[in-house]
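Listed below, chain by chain, are the residues.
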Amino acid sequence: MRLEWKTCLRIGVTIFLLFLAIHYWEPLMMTGKLVISAATPILIGFVVAYIINILMVFYEKRFFSKTKNAILVKVRIPICMLLAILSFILIITLIVGLVVPELTSCISLLISDIPPAMETLLSSELFIELAPEDLYAQLRNIDWKTLMNDVVKMVSSGLGSTVGAVVSAVSTVASNLVTGVLAFIFAIYFLLGKESLLSQCRRVMKNYMPEKLAKKIYYVTGVVNDSFHRYIVGQFTEAIILGVLCVAGMLVFRFPYAGMIGALIGFTALIPVAGAYIGGAVGFVMILTVSPVKALLFIVFLLVLQQLEGNLIYPKVVGGSLGLPAIWVLAAVTIGGALLGIMGMLIGVPIAAAIYRLIRDDMRRKEQEQQMQKEQTMKEEDYKEYAKDVAERG
C-alpha cells in the first residue's frame with residue numbers, strides 16, 4: 001500500500017495535537033472552563049430560545065401556515081415570538097406559583113409534624129410487632145422534636161449570618177441576574193434571526209465543507225433536534241396528565257394534601273422514570289403526619305398510577321414518539337444522573353434517543369447495502385451460469 005504525503009502529514013499533525021493535549025491537559029481544561037463561563041449567557045440564551053421556539057413554531061403553523069399577505073408574512077416572526085414568550089412566562093409563573101408555595105408548606109409541615117408522626121408510628125402495635133427490638137429501642141430513645149430543632153438551627157447557621165456570606169450572596173444574585181438578562185436578550189436575537197442564522201450556517205458549511213460531510217451534519221442535527229423537540233413536548237404533556245390524575249385520584253380517595261402532592265408529583269415527573277417516585281416519597285411522609293394507614297394506601301394508589309402511567313401514558317406520549325426502548329430510557333436516566341445530576345436526567349433521554357436512532361438508521365442502511373450487494377452477486381452468478389450453459393449448448 002502506497003502512502004501519500006497528505007496522509008503522512010495528517011498522521012503527523014494528529015500525533016502532534018494529541019501530544020499537546022496530553023502534555024498541556026490542565027491548561028486546556030482551565031481555558032475550556034473559562035470559555036464556557038464567558039459563553040454562559042449565550043448557551044443559556046440558546047436553550048431558552050430553543051424551548052420558546054417550540055411554542056413559536058406551534059403558533060406559526062396554527063395562525064400563519066396558509067397566509068399569503070405580504071404584511072402578515074413580515075410580522076409573522078415578531079408576533080409569534082411575542083406570543084411564545086408570553087406563553088413561556090405564563091407557564092413558568094404557573095409552575096412556580098403552584099410548586100414553590102407547596103414546597104414551602106411541605107417543608108414547614110415536615111418540620112412541625114414529623115415528631116408527633118414518629119411518636120404515633122412508634123406507639124402503633126403493628127410497628128412494635130414487626131420492627132426488630134434493637135431498632136425499636138434506638139428509635140424510641142430519639143428525641144424527634146429536639147432533633148428537628150437541631151436540623152433547623154444547622155440549616156440556619158449553614159446559610160451564614162456573617163457579613164461575608166451576605167456580600168457573597170448579594171454578588172451571586174447580582175451576577176445571576178445579569179447572566180439571566182443577557183441570556184434573555186440573546187434568546188430574543190436568536191428567535192428574531194433564526195432564519196438568517198440557519199441560512200448563514202448552511203452557506204458556511206456549503207463553502208467550507210465537503211458536500212458529503214455537510215449532508216451528514218444536516219442529518220445528525222435534524223435527528224437531535226427532532227428527539228429533543230418530541231421529548232420536551234411529550235414530557236411536559238405527560239407531567240400535566242400525571243399531576244391531574246394524581247389530584248383527581250387523591251380527591252376521590254379523600255387523601256390529605258391532594259393539591260400540594262399532585263402539583264409536586266406533576267413537577268417532579270419532568271424527571272423521567274424516577275421523578276414521580278421522588279414526589280411520592282415526599283407525599284408519603286406528608287400523609288404519614290396525618291394517618292399512617294392513609295400513607296400506606298397512598299403508596300398503593302401511587303404504584304397503580306405509576307403502572308398506568310408507565311404502560312399507557314408514557315409510551316403513548318413520550319416513549320412512542322422517541323422510539324427508545326424502556327431499558328435504554330432507564331440506562332440514560334441512570335448514567336445522566338450520575339454524570340450531571342438532575343440536568344443529566346433531563347437531557348439523558350433525548351440524547352440517548354438521538355444516538356439510538358442514528359445507530360439504528362445506519363445499521364438499516366448497511367443491511368440494505370449488504371442485501372443489495374448480495375442480490376447483485378447472485379444475479380452475476382446466475383448470469384455466469386446462464387452464459388456457461390449457452391456456451392456449452394452452442
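Scroll up a little and you will see the structure.
What you are looking at is a predicted structure, and each value in this text was computed from that prediction instead of being measured.

Student: Got a minute to help me understand the overall build of the protein in this structure?
Tutor: A count of helical and extended segments in the protein gives 14 helices and zero strands. Starting at the N terminus, the α and β elements of the protein follow one another as α-α-α-α-α-α-α-α-α-α-α-α-α-α. Classification of the 394 residues of the protein by burial places 26% in the buried group. Carbon and sulfur atoms make up 70% of the accessible area of the protein, which totals about 27200 Å².

Student: Would you mind showing me how to read the pattern of salt bridges here?
Tutor: Close approach of charged atoms lets side chains of opposite charge pair. Evaluation of the coordinates by the stated rule reveals 10 salt bridges. Residue Lys194 pairs with Glu60 through a salt bridge whose shortest N-O separation is 3.4 Å. Of the two residues, Lys194 is situated in helix α9 (residues 194-208) and Glu60 in helix α3 (residues 40-63); the sequence distance between them amounts to 134 residues. For the pair Lys194 and Glu60, one class covers both residues: buried. Across the pair Arg357 and Asp226 runs a salt bridge, and its minimum N-O distance is 2.7 Å. You can see Arg357 sitting in helix α14 (residues 326-393) and its partner Asp226 sitting in helix α10 (residues 211-252), a full 131 residues away along the chain.

Student: I keep staring at unusual backbone geometry and nothing clicks. Help me out?
Tutor: Notably, Arg254 is not glycine yet its phi reads approximately 60 degrees, a positive angle. Along the chain, the position of Arg254 falls in the loop between α10 and α11 (258-268). Classification of Arg254 by relative accessible area gives exposed; the value is 67%. Despite not being glycine, Tyr257 has its phi angle at roughly 60 degrees, a positive value. Accessibility expressed as a relative area gives 25% for Tyr257, which makes it partly exposed.

Student: In this structure, what is going on with the packing of aromatic side chains? I would like to understand it.
Tutor: Each aromatic ring pair is specified by the distance between its two centres and by the angle formed by the two planes. This structure, assessed with the given rule, holds six aromatic pairs. Plain terms: the ring middles of Phe46 and Phe190 are 6.1 Å apart, the flat faces sit at 90 degrees to each other, and that makes the pair edge-to-face. Of this pair, Phe46 sits in helix α3 while Phe190 sits in helix α8 (residues 163-192), and the two are 144 residues apart along the sequence. Under the relative-accessibility criterion, Phe190 is labelled partly exposed at 22%. Taken together, a centroid distance of 6.1 Å and an interplanar angle of 35 degrees make the contact between Phe253 and Phe255 tilted. Here the aromatic cluster, defined as three or more aromatic residues joined through ring pairs, consists of Phe253, Phe255, Phe298 and Phe301.

Student: Please explain the packing of α10 against α11 as it appears in this structure.
Tutor: A packed helix pair is summarised by two numbers, namely the angle formed by the two axes and the spacing between the axes. Two numbers describe how α10 lies on α11: the axes approach to 8 Å, and their chain directions differ by 155 degrees. Of the possible angle classes, the one that applies to α10 and α11 is roughly antiparallel. When the axes of α10 and α11 are compared, the crossing they make is right-handed. Note on element contacts: α11 touches α10 through Ala258, Gly259, Ile261, Gly262, Ala263, Ile265 and Gly266, opposite Ala239, Leu242, Gly243, Cys246, Val247, Met250 and Leu251. By residue class, the composition of the contact of α10 with α11 is 10 nonpolar, four polar and no charged.

Student: Mind showing me how you'd approach the packing of helix α2 (residues 25-38) against α3 here?
Tutor: For the pair α2 and α3, interaxial distance at closest approach is 4 Å and the crossing angle is 55 degrees. Comparing their axes, α3 and α2 come out oblique. Along the contact surface, α2 presents Ile36, Ser37 and Ala38, while α3 presents Thr40, Pro41 and Leu43. Tallied by class, the residues present in the contact of α2 with α3 amount to four nonpolar, two polar and no charged.

Student: Could you clarify how one ought to interpret α2 in this entry?
Tutor: Since one α-helical turn is 3.6 residues long, residues separated by three or four positions face the same way. End to end, α2 covers 20 Å across 14 residues, agreeing with the expected 20 Å (1.5 Å per residue, within 8%). Taken across its 14 residues, α2 has zero buried, putting it largely on the surface.

Student: Explain a nonpolar patch on the surface to me, please; I cannot follow it from the model alone.
Tutor: A surface patch of nonpolar side chains, about 740 Å² in accessible area, is lined by Ile42, Leu177, Val178, Val181, Leu182, Ile185, Phe186 and Tyr189. It is α8 that contributes the most residues to the nonpolar patch, seven residues altogether. Take Val178: its relative accessible area is 48%, and that puts it in the partly exposed class.

Student: Where do I start with the environment of Leu182 in this structure?
Tutor: With respect to the helices and strands, the residue Leu182 is situated in helix α8. For the pair Leu182 and Ile44, spaced 138 residues apart in the sequence, the C-alpha separation amounts to 9.1 Å.

Student: Can you help me understand the environment of Gly344 in this one?
Tutor: By secondary structure assignment, the location of Gly344 is in helix α14. Overall, Gly344 belongs to the buried group, its relative accessible area being 2%. Between the alpha carbons of Gly344 and Thr334 there is a distance of 8.7 Å; along the sequence they are 10 residues apart. Dropping the residues within four chain positions of it, Gly344 is found in contact with Gly336 and Gly337.

Student: Explain the environment of Leu192 to me, please; I cannot follow it from the model alone.
Tutor: Relative to the elements of secondary structure, Leu192 occurs in helix α8. Assessed through its relative accessible area of 42%, Leu192 is described here as partly exposed. In sequence terms Leu192 and Ala49 are 143 residues apart; their C-alpha atoms lie 9.8 Å from each other. When residues no more than four places from it in sequence are discounted, the contact partners of Leu192 are Ile77, Pro78 and Met81.

Student: Which parts of the structure should I look at to understand the nonpolar core?
Tutor: A general trend in soluble globular proteins is that nonpolar side chains are found buried together. Of all hydrophobic cores here, the largest spans 20 residues; its most connected members are Met250, Ile261, Ile265, Ile287, Phe298 and Phe301. Listed by contribution, the elements that provide at least two residues to this core are α10, α11, α12 (275-288) and α13 (292-322). Counting residues per element, this core draws most heavily on α13, which supplies five residues. Ignoring any residue separated from it by four or fewer positions in sequence, one finds Ile287 in contact with Met250, Phe255, Pro256, Ile261, Lys294, Ala295 and Phe298.

Here is what the cut-offs are and how they apply
- Residue positions within a chain follow its written sequence, with the count starting from 1.
- Local features are withheld for residues below a pLDDT of 70 in this predicted model, meaning they are given only at 70 or higher, and side-chain atom pairs are given and counted only at 80 or more; totals for whole chains, interfaces and linings count all residues.
- Note: side-chain values were computed over all heavy atoms of the structure, leaving out hydrogens and water.
- Helix and strand labels come from DSSP, where a helix needs a run of H or I of at least four residues and a strand needs a run of E of at least two; each type is numbered from the N terminus.
- Exposure categories follow from relative accessible area, calculated using a 1.4 Å probe and restricted to protein chains: below 20% of the type maximum is buried, above 50% is exposed, and the middle band is partly exposed.
- Using the Shrake-Rupley algorithm and a 1.4 Å probe, accessible areas are obtained, with residue cover drawn only from the displayed protein chains.
- Here, a salt bridge means any Lys or Arg side-chain nitrogen found within 4 Å of an Asp or Glu carboxyl oxygen.
- A pair of aromatic rings is counted whenever rings of Phe, Tyr or Trp (Trp by its six-membered ring) have centres within 6.5 Å, and the orientation is called stacked for planes under 30 degrees apart, edge-to-face for over 60 and tilted otherwise.
- The convention used is that axes are lines fitted to C-alpha atoms, helices contributing only their stretch in contact, and that angles between N-to-C directions extend from 0 to 180 degrees.
- Any angle that falls under 35 degrees is termed roughly parallel, while one over 145 is termed roughly antiparallel, one within 65 to 115 roughly perpendicular, and all others oblique.
- In this scheme the handedness of a crossing depends on how the near helix is turned from the far one: anticlockwise by less than a right angle means left-handed, clockwise means right-handed.
- We call two residues in contact when some of their heavy atoms are within 4.5 Å.
- Each residue is assigned to one class: nonpolar for Ala, Val, Leu, Ile, Met, Phe, Trp, Tyr, Cys and Pro, charged for Asp, Glu, Lys and Arg, and polar for all the others, Gly among them.
- Given the number of residues in a helix, its expected span is that number minus one, multiplied by 1.5 Å.
- Like charges within 9 Å and nonpolar side chains (Val, Leu, Ile, Met, Phe, Trp, Tyr) within 5 Å are joined into patches, using only residues over 30% in relative accessible area that form no salt bridge.
- Here the nonpolar core consists of buried residues drawn from Ala, Val, Leu, Ile, Met, Phe, Trp, Tyr and Cys, with membership extended through side-chain atoms lying within 4.5 Å.

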